[in-house]
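Spelled out, the chains give:
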Amino acid sequence: MVLKGPLVAAGLVAALLLGFGIARATDSAAGPPAAPPASTAIPSHSHGGAVIGDLGGFSLSAAGFTLVPAQPLTVPAGVQQRFAFKILGPDGVPVTRYVPKHDKPMHFIAIKHDLSGFQHLHPTMAADGTWAIPLSLPTPGVWRLYADFVTFDQAGQQLPLTLAVEATVAGSYTPLALPPPSRTVDADPFTVTLEGMPQVNATQPLSLRVFAAGEPVGDLERYLGAYGHLVVIRDGDLGYLHVHPEDQLVGGAVKFWLSAPSPSRYRMYFEFQKSGTVHRAEFTVDVP
């Protein structure tokens, strides 16, 4: 599937709980990184370095930071509109200092509640801290929008956060059923295979391999600084995590490390680039 133009919007969500850990190893020969003690505070996503973290994106506010949309969160279907928002810090002042990760200071993900309609976008920020992007929601239903970024806490330390709001598109809505779990999916004109599987409380390697006409594709291009990006969203509560792979291809595959602390069904969105075009493969994964 070739990524198209932006399609999203946003609204409020309730705080929920539980997590899905994802870790990234920088040296494939050394094996997975050890998990930190349970008492250690863990970021909600991985942006380089070995990190294990719970899913985030349950609330519009976390660690004193709040996502504030600039317009109503009920929108018409299929109409492109400017969507703008600010991130307010603990002092109530719009945040303007961000740490670029993988070429962008803000990753902006939208998904429908039935886990269809995935979008990975990158808004731009004005000098006053207002983020904006042209957005369109194509179909009725409730959509969740995630603002995935790194800023600084009050002590000046880097703080990764994922905040989220929801938007409603009026109209008749019938949720789509998720495709069944499969190790191979189409990403026209490519086929992508999934090797490995997350286990509960056990960090495991997971590799994604791209094929064209049955032959392995060994010349993937870097997209946003990495050979692939993986967004994981949990079915039901839409818990979110955005993780990046090892810096180099491993045997021609894009390799991640994952650990699932609890059983559930997840949807994985794998993005990769070939010949200047970004493609996406979507997997349904059941963790028993």
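Let us look at the structure shown here. (Residues numbered from 1 in each chain as written. Predicted model: local features only at pLDDT ≥ 70, side-chain atom pairs only at ≥ 80, totals over all residues. Heavy atoms only, no water.)

1. Observations regarding the environment of Val79
- Relative to the elements of secondary structure, Val79 occurs in the loop between strand S4 (74–75) and strand S5 (81–88).
- Judged by its relative accessible area of 38%, Val79 is partly exposed.
- Through-space distance from the C-alpha of Val79 to that of Ser136 is 5.4 Å; in sequence the pair is 57 residues apart.
- In contact with Val79, not counting residues within four places along its chain, are Leu135, Ser136 and Leu137. (Helix = DSSP H or I, 4+ residues; strand = E, 2+ residues; numbered from the N terminus. Buried < 20%, exposed > 50% of the residue type's maximum accessible area, 1.4 Å probe, protein only. Contact = heavy atoms within 4.5 Å.)

2. Details of the nonpolar core
- Ranked by size, the top nonpolar core spans 29 residues in total, and within it Val192, Leu208, Leu230, Phe256, Phe270 and Phe283 carry the most contacts.
- When sequence neighbours within four positions are dropped, the list of residues in contact with Leu230 reads Leu208, Leu241, His242, Val243, Phe256, Leu258, Met268, Tyr269 and Phe270.
- Listed in part, the 21 residues of the second largest apolar core include Ile87, Tyr98, Leu145 and Leu159. (Core = buried A, V, L, I, M, F, W, Y, C linked by side-chain atoms within 4.5 Å.)

3. Description of the pattern of salt bridges
- A complete count under the given rule lists eight salt bridges for this structure.
- In this structure, a network of salt bridges that share partners links the residues Arg267, Arg280 and Glu282. (Salt bridge = Lys/Arg side-chain N within 4 Å of Asp/Glu carboxyl O.)

4. Brief notes about the pairing of strand S14 (residues 204–212)
- Bridge analysis of strand S13 (residues 190–195) against S14 gives five bridges, and the strand direction is antiparallel. Bridged to Glu195 within S14 is Ser207.
- Two strands pair when backbone bridges link them, and S14 and strand S18 (residues 254–259) are joined in this way by five bridges, in the antiparallel orientation. In the strand pairing of S18, Leu206 is matched with Phe256. (Pairing = 2+ DSSP bridges.)

5. A word on the sheet that holds strand S2 (residues 61–62)
- Sheet architecture is open: five strands sit in the order S2-S3-S5-S9-S8, paired in antiparallel fashion. Here the strands that pair on one side only, and so sit at the sheet edges, are S2 and strand S8 (124–125).
- Pairing of strand S3 (residues 65–69) with S5 involves four bridges; the strand directions are antiparallel. Looking at the pairing, Thr66 lines up with Leu88 of S5.

6. Overview of the sheet that holds strand S10 (residues 141–152)
- Judged by pairing direction, the sheet is mixed, and its five strands sit side by side in the order S4-S11-S10-S6-S7 without closing on themselves. Across the chains shown, the open sheet's two edge strands, defined by having one partner strand only, are S4 and strand S7 (119–121).

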